[in-house]
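Listed here are the chains, written in short residue letters.
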Amino acid sequence: MANGTMLVDLKPFVKQWYNLSADKLVNKEGYKLTFGEVWAQLIEIWDKVKHAKRDALWTAKICAKRETYKIPELDWCDDQSIKYLAKVCYELSRPDGTFFLSGDDAGEILGRTQKTGRAALKMLGYEKVIKCVKTGVRRRASDYEYIGKPVVATTLSKFEQKKQKMIEDMNRADQKAKKN
């Protein structure tokens, strides 16, 4: 198996996903799948998969929203939506460092247009967070590699996390009100 090493590296992520989803994973007969069955199915189909299903972006956005780590290259940045986009890029790049993302999707993540999303991705490239390895054409997303330093975990108290989320929610509400 050509990708055998990569599969071994994926196993902890598959286990984490399984632990979060186990109650929803059933076979045709309605019986719950074991981790062994899920892992066996993944090994069976791995070489047939070219790209992650579209849900990968949705999952990356959820993970990026709840994580409190910092992207070291963006310590200077006070724009939370740019930091959020960088976190989404990081989450998309897990586990092998590569991902694809369109300017439209980046713009949506920022709450802005495709043009702004594309510019933000270029800026993240300039700041050495990501590197474009293949430019997309027409309706195809560009391929990127996450090249930033390892993320820095923050240890905010539950109170500080709630406070930060409330501030972010208020800022988003203000931005939405300004649009209308």
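How each quantity is defined
- Within any chain, residue numbers begin from 1 and follow the written order of that chain's sequence.
- Per-residue local features of the predicted model are confined to residues with pLDDT of at least 70, and side-chain atom pairs are confined, for both listing and counting, to 80 or more; whole-chain, interface and lining totals are unaffected and use all residues.
- Hydrogen atoms and water are omitted, and side-chain values are computed over all heavy atoms in the structure.
- Should DSSP find at least two bridges between two strands, the strands are regarded as paired.
- Only DSSP runs of H or I reaching four residues or more are called helices, and only runs of E reaching two or more are called strands; each is numbered from the N terminus.
- Axis definition: a line fitted to C-alpha atoms, over the contacting stretch in the case of helices. Angles run 0 to 180 degrees between N-to-C directions.
- Contacts: residue pairs with any heavy atoms within 4.5 Å of one another.
- Nonpolar core, defined: a set of buried Ala, Val, Leu, Ile, Met, Phe, Trp, Tyr and Cys residues in which side-chain atoms within 4.5 Å join the residues together.
- Under the scheme applied here, a residue whose accessible area is under 20% of the maximum for its type counts as buried, over 50% as exposed, and between as partly exposed, the area being computed with a 1.4 Å probe on protein chains only.
- By definition, pLDDT measures how confident the predictor is in each residue, and it falls between 0 and 100.
- Whenever a carboxyl oxygen of Asp or Glu lies within 4 Å of a side-chain nitrogen of Lys or Arg, that contact is scored as a salt bridge.

**Some remarks on the sheet that holds strand β1 (residues 98-101)**
As summarised here, the arrangement of the three strands in space is β1-β3-β2, forming an open sheet in which the pairing is antiparallel. Each edge of the open sheet carries a strand with a single partner, namely β1 and β2 (130-134). Going across the sheet, the axis of each strand differs from the next one's by a mean of 40°, ignoring polarity. Alignment of β1 against strand β3 (residues 142-146), held across four bridges, turns out to be antiparallel. Looking at β3, one finds that F100 is bridged to D143. Running at roughly 130° to β1, helix α4 (residues 80-93) makes contact with β1, β2 and β3 of the sheet.

**Notes on the nonpolar core**
Counting residues in each nonpolar core, the largest one holds 27 residues, and the members touching the most others are L85, L101, L124 and I130. Mapped by element, the contributors of at least two residues to this core are α3 (55-66), α4, β1, α5 (103-110), α6 (114-126) and β3. With eight residues, the top contributor of residues to this core is α4. Of all hydrophobic cores here, the second largest spans eleven residues; its members include V14, Y18, V38 and W46.

**Points about the confidence of the model for the protein chain**
Detailed reading of the predicted coordinates is not advisable wherever pLDDT is low. Confidence in the prediction for the protein chain averages 86 pLDDT; 89% of positions are at 70 or higher. When pLDDT is averaged over each helix and strand of the protein chain, the minimum, 76, is found for helix α7 (residues 158-179) and the maximum, 96, for α6.

**Looking at the pattern of salt bridges**
Under the defined criterion, the tally for this structure stands at three salt bridges. Notably, a salt bridge pairs K24 with D23, separated by 3.6 Å at the nearest N-O pair. Between R94 and E91 there is a salt bridge, with its nearest N and O atoms 3.4 Å apart.

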